[in-house]
Amino acid sequence: VQLVESGGGLVQPGGSLRLSCAASGFTFSSYDMSWYRQAPGKERELVAAITSAGGSTNYADSVKGRFTISRDNAKNTVYLQMNSLKPEDTAVYYCNGRRLGVIKTYTFWGQGTQVTVSS
């Protein structure tokens, strides 16, 4: 099982980035997918989530209207389009996949990609 994030980097305030998370080793289309982030000294927080078929999304209040989560089940990839970036968006961004089984919850994490918003 692998989740590999890419697309992070350094961007100026007001700029945009698009994160990608490529999945392999599991049935991607059966999993709800999410993006989390963790800033230095802070707890990991949910940024955005999308259901397995892509029919429903939800966002943290801090990113509503600026970030968009989407997925392509044919490419086993989930995306996070980030616009109007702010310095407080600086964090390591992690991809997460989750499926509720009958007995247990299956969850996978990527290794993270750094996003730095600074002038």
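Up top you'll find the structure we're talking about.
Residues numbered from 1 in each chain as written. Predicted model: local features only at pLDDT ≥ 70, side-chain atom pairs only at ≥ 80, totals over all residues. Heavy atoms only, no water.

Quick word on the environment of K75
Item 1. Position of K75 among the secondary structure elements: in the loop between strand 7 (67-72) and strand 8 (77-82).
Item 2. Sequence separation between K75 and S30 is 45 residues, and the spatial gap between their C-alpha atoms is 14 Å. (Helix = DSSP H or I, 4+ residues; strand = E, 2+ residues; numbered from the N terminus.)

Quick look at the pairing of strand 10 (residues 105-109)
Item 1. Here strand 9 (residues 91-100) runs beside strand 10; their pairing, made up of five bridges, is antiparallel. When the sheet's bridge partners are listed, N96 is paired in strand 10 with W109.
Item 2. The loop that links strand 9 with its antiparallel partner strand 10 comprises four residues. (Pairing = 2+ DSSP bridges.)

A few points about the packing of aromatic side chains
Item 1. Taken as a whole and assessed by the stated rule, the structure comprises five aromatic pairs.
Item 2. On the basis of an interplanar angle of 55° and a centroid distance of 6.5 Å, the ring pair of F26 and F28 is categorised as tilted.
Item 3. In this structure F26 comes out as buried when scored by relative accessible area, which is 13%.
Item 4. When the ring of F26 is compared with that of F108, the centres are 4.9 Å apart and the planes differ by 50°; the resulting orientation is tilted. With F26 in the loop between strand 3 (17-24) and strand 4 (32-38) and F108 in strand 10, the pair connects residues that are 82 residues apart, well separated along the chain.
Item 5. An aromatic cluster is present here, built from F26, F28, Y31 and F108 joined pairwise through their rings.
Item 6. Stacked on the ring of Y94, the Lys or Arg R44 has its end atom at 3.8 Å from the ring centre. (Phe/Tyr/Trp six-rings, centres within 6.5 Å; stacked < 30°, edge-to-face > 60°. Buried < 20%, exposed > 50% of the residue type's maximum accessible area, 1.4 Å probe, protein only. Lys NZ or Arg CZ within 6 Å of the ring centre and 35° of its normal.)

Observations concerning the state of the cysteines
The term disulfide refers to a covalent linkage connecting the sulfur atoms of a pair of cysteines.
Item 1. Within the structure shown, the criterion is met by one disulfide.
Item 2. Note on cysteine connectivity: C21 is disulfide-linked to C95, with sulfurs 2.1 Å apart. Judged by the torsion about the S-S bond (-85°), the C21/C95 disulfide is left-handed. Of this pair, C21 sits in strand 3 while C95 sits in strand 9, placing them 74 residues apart in sequence.
Item 3. Using a relative accessible area of 0% as the deciding quantity, one classes C21 as buried. (Disulfide = S-S within 2.5 Å.)

Examining the pattern of salt bridges
Item 1. In the structure shown here, the tally under the stated rule is four salt bridges.
Item 2. R37 is the partner of E45 in a salt bridge, and the nearest nitrogen-oxygen pair spans 2.7 Å.
Item 3. On the basis of relative accessibility, which here comes to 6%, the residue R37 falls in the buried class.
Item 4. R37 serves as the salt-bridge partner of D89, at 2.9 Å between the closest nitrogen and oxygen. (Salt bridge = Lys/Arg side-chain N within 4 Å of Asp/Glu carboxyl O.)

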